[in-house]
Amino acid sequence: RKCPRFCYFGDTVNTASRMESHGVPMGTSLSASTADLLRGHYPLLSCGLQHVKGKGKMRTYVINSGEGGEAEGRLVEAIKAKAIKEGKLLTDAVIF
């Protein structure tokens with residue numbers, strides 16, 4: 001007996017895939033529209049404007065663990081390192 005096969009395509013799936021591939025290690029990446037829904041419920045860090053393949057320029061965010069300290073510092077450094085690799089400069093004012 002064959003199991004049904006499903007293929008999901010569309011803007012939502014494409015955006016989720018791009019958020020994963022353009023994200024930072026140990027961070028949950030979000031689009032601006034998702035960040036708007038979660039703002040006030042989770043602490044968010046901005047990754048600035050990113051060029052996302054097939055989507056163009058998108059403002060992206062990462063959920064901050066809210067623990068502060070070392071974990072937050074590693075996440076902020078990963079965001080900055082990714083920006084530098086892409087030829088951009090992100091200041092703390094942009095991130096927080």
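Above this text you will find the structure in question.
Residues numbered from 1 in each chain as written. Predicted model: local features only at pLDDT ≥ 70, side-chain atom pairs only at ≥ 80, totals over all residues. Heavy atoms only, no water.

**Q** Is there a simple way to think about the pattern of salt bridges in this case?
**A** Close approach of charged atoms lets side chains of opposite charge pair. Taken as a whole and judged by the stated rule, the model has one salt bridge. Here Arg39 and Asp36 are joined by a salt bridge, their closest N and O atoms 2.8 Å apart. (Salt bridge = Lys/Arg side-chain N within 4 Å of Asp/Glu carboxyl O.)

**Q** Sorry if this is basic, but what is going on with the sheet that holds strand S2 (residues 44-52) here?
**A** Within a beta sheet, neighbouring strands are joined by backbone hydrogen bonds and run either parallel or antiparallel to one another. Spatially, S1-S3-S2 is the arrangement adopted by the three strands of the open sheet, whose pairing is antiparallel. Of all the strands in the sheet, the pair left with one neighbour each is strand S1 (29-31) and S2. Neighbouring strand axes in the sheet, compared pairwise and without regard to direction, differ in orientation by 35° on average. Across the sheet, helix H1 (residues 11-21) lies against S1, S2 and strand S3 (56-63), angled at about 140° from S1, the strand it touches most. (Pairing = 2+ DSSP bridges. Helix = DSSP H or I, 4+ residues; strand = E, 2+ residues; numbered from the N terminus. Axes fitted to C-alpha atoms, helices over the stretch in contact; angles between N-to-C directions. Contact = heavy atoms within 4.5 Å.)

**Q** How do you make sense of empty space enclosed by the protein when you look at a structure like this?
**A** A water-sized probe, rolled over the atoms, reveals where empty space remains. As enumerated under the stated definition, the model contains one cavity of 30 Å³ or more in all. The volume enclosed by the largest cavity comes to roughly 100 Å³. Lining of the largest cavity is provided by 14 residues; of these, His22, Gly23, Cys47, Gln50 and Thr60 occupy positions nearest its centre. Elements supplying a minimum of two residues to the lining of the largest cavity: H1, S2, S3 and helix H3 (69-85). Looking at which element gives the most residues to the lining of the largest cavity, the answer is H3, with three residues. (1 Å grid on protein atoms, 1.4 Å probe; cavity = no way out; pocket = protein on both sides within 12 Å on 5 of 7 lines; lining within 4 Å. Points joined across faces, edges and corners; volume = space filled by probe spheres on them.)

**Q** Which parts of the structure should I look at to understand the side chain of Gln50?
**A** Along the polypeptide, Gln50 turns up in strand S2. Residue Gln50 is classed as buried on the basis of its relative accessible area of 5%. Not counting residues within four places of it along the chain, the set of residues in contact with Gln50 comprises Gly56, Lys57, Met58, Thr60, Lys82, Glu86 and Lys88. (Buried < 20%, exposed > 50% of the residue type's maximum accessible area, 1.4 Å probe, protein only.)

**Q** Which parts of the structure should I look at to understand the nonpolar core?
**A** Generally speaking, nonpolar side chains in soluble globular proteins are found buried as a group. If you look at the biggest cluster of nonpolar residues, it comprises seven residues: Val24, Leu45, Cys47, Val62, Leu75, Val76 and Ile79. For this core, the elements supplying multiple residues, two or more each, are S2 and H3. (Core = buried A, V, L, I, M, F, W, Y, C linked by side-chain atoms within 4.5 Å.)

**Q** When you look at the layout of surface pockets in this model, what are you seeing that I'm missing?
**A** Approximately 190 Å³ is the volume attributed to the largest pocket. If you go around the largest pocket, the residues you meet are Pro25, Met26, Gly27, Thr28, Ile63, Asn64, Ser65, Ala71, Glu72, Arg74, Leu75 and Ala78. No other element matches H3, which puts five residues into the lining of the largest pocket.

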